[in-house]
Amino acid sequence: MKIVVIGGTGLIGSKLVKNLRERGHDALAASPNTGVNSITREGLAEAMDGAQVVVDVSNAPSWEDQAVLEFFETSTRNLLAAEAAAGVRHHVALSVVGSERLPDNGYFRAKVAQENLIKASGMPYSLLRATQFFEFVGGIAQSATVGDEVRLSPALIQPMASDDVAAALTDVALAAPSNGTQEVAGPEALPLDELVRRFFRVTGDTRKVIPDVHARYFGDELDDQSLTPGGANPRLGPTRFEDWLAQSTASAAR
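Quick notes on the rules
- Residues numbered from 1 in each chain as written.
- Predicted model: local features only at pLDDT ≥ 70, side-chain atom pairs only at ≥ 80, totals over all residues.
- Heavy atoms only, no water.
- Helix = DSSP H or I, 4+ residues; strand = E, 2+ residues; numbered from the N terminus.
- Rg over C-alpha atoms; globule rule 2.2 N^0.38 Å.
- Buried < 20%, exposed > 50% of the residue type's maximum accessible area, 1.4 Å probe, protein only.
- Contact = heavy atoms within 4.5 Å.
- Lys, Arg positive; Asp, Glu negative; His and termini not counted.
- Charge placed at Lys NZ, Arg CZ, Asp CG, Glu CD.
- Axes fitted to C-alpha atoms, helices over the stretch in contact; angles between N-to-C directions.
- Parallel < 35°, antiparallel > 145°, perpendicular 65-115°, else oblique.
- Left-handed = near helix turned anticlockwise from the far one by under 90°.
- Nonpolar A, V, L, I, M, F, W, Y, C, P; charged D, E, K, R; others polar.

Another aspect to go through is the overall build of the chain. Scanning the chain from N- to C-terminus turns up eight helices and 14 strands. Over its C-alpha trace the chain gives a radius of gyration of 18 Å, about what one expects of a compact globule, namely 18 Å for 254 residues. The principal-axis extent of the C-alpha atoms belonging to the chain is close to 55 × 40 × 35 Å. Per-residue burial for the chain yields a buried fraction of 49% across its 254 residues. Here the analysis covers contacts within the chain between residues at least 6 apart in sequence; of these, 81% occur between residues at least 24 apart. Taking the 23 positively charged and 32 negatively charged side chains of the chain as two groups, their mean positions are separated by 3 Å.

What follows is the structure, encoded as structure tokens:
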């Protein structure tokens with residue numbers, strides 16, 4: 001099949017394109033870098049020509065509340081219109097576990113708006129909601145740092161490796177449209193403050209992690225359901241955080 005991956009040069013998109021090509025499919029890495037822009041519609045019709053499936057893993061250049069909402073709404077509307085014109089048979093989008101449970105965060109509100117546009121479009125679709133990626137734990141710690149202290153919620157999080165996100169997306173893209181939502185998460189749920197503490201132990205970071213039930217995660221207070229799968233039978237990625245950390249630190253040392 002010809003499969004267009006919107007955001008195909010990013011962290012998840014590049015892994016997904018590689019997976020699809022290894023399975024013998026014609027995977028097009030579509031992004032502004034490759035002349036395909038879902039906001040301006042540049043190159044969009046040409047990219048869709050002959051495509052059976054479109055997978056949207058694009059991300060907004062700005063996470064400011066209004067900007068991120070406008071990005072996902074405009075991009076999604078443009079994609080769906082181009083897909084309908086080209087006869088695409090399956091729209092797949094990557095979203096975020098818990099988006100509707102974190103209403104004070106503009107990014108999560110924008111992802112919910114994106115999902116709603118897809119559901120209302122009449123296009124056969126599949127939504128895959130993933131938990132936070134291991135690759136962003138350092139950024140989470142930095143966002144919560146004041147001086148040498150990192151104040152984080154002890155609420156549960158169930159993060160996962162980006163490789164496992166891409167593997168799940170590959171399977172969803174090659175399956176029939178579900179016209180529904182599937183969740184994918186890491187193999188272990190643990191407190192957010194403990195996750196960062198483990199990260200620091202391996203990376204040698206000397207900042208002090210302080211548990212605080214009122215600490216906000218990009219604007220929202222958390223509970224144990226905020227960042228963990230809420231549906232029945234989520235898919236679990238096989239990669240454990242310690243294994244990913246060991247591999248990442250070994251790769252960085254080479």
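Direction vectors running N to C along helix H3 (residues 65-86) and helix H4 (residues 106-120) enclose 20 degrees, while the axes themselves pass 8 Å from each other. When the axis of H3 is compared with that of H4, the two are roughly parallel. H3 and H4 meet at a crossing whose hand is right-handed. Residues Asp65, Val68, Leu69, Phe72, Glu73, Thr76, Arg77 and Leu80 of H3 form the contact with H4, whose own contacting residues are Gly106, Tyr107, Arg109, Ala110, Lys111, Ala113, Gln114, Leu117 and Ile118. Partitioned by chemical class, the residues of the contact of H3 with H4 number nine nonpolar, three polar and five charged.

Here we come to the side chain of Ser153. Mapped onto the elements, Ser153 comes out in the loop between strand E7 (149-152) and strand E8 (156-157). Non-local contacts of Ser153, meaning those with residues more than four positions away in its chain, are made with Leu192, Asp193, Asp212, Ala215 and Leu222.

Where helix H1 (residues 11-22) meets helix H6 (residues 162-174), the axes come as close as 9 Å, and the angle between the chain directions of the two elements is 55 degrees. In terms of orientation, H1 lies oblique with respect to H6. Classified by chirality, the crossing of H6 by H1 is right-handed. Contacts between H1 and H6 involve Leu11, Ile12, Lys15, Leu16, Asn19 and Leu20 on the former and, on the latter, Ser162, Asp163, Val165, Ala166, Ala167, Leu169, Thr170 and Leu174. Split into classes, the residues belonging to the contact of H1 with H6 amount to nine nonpolar, three polar and two charged.

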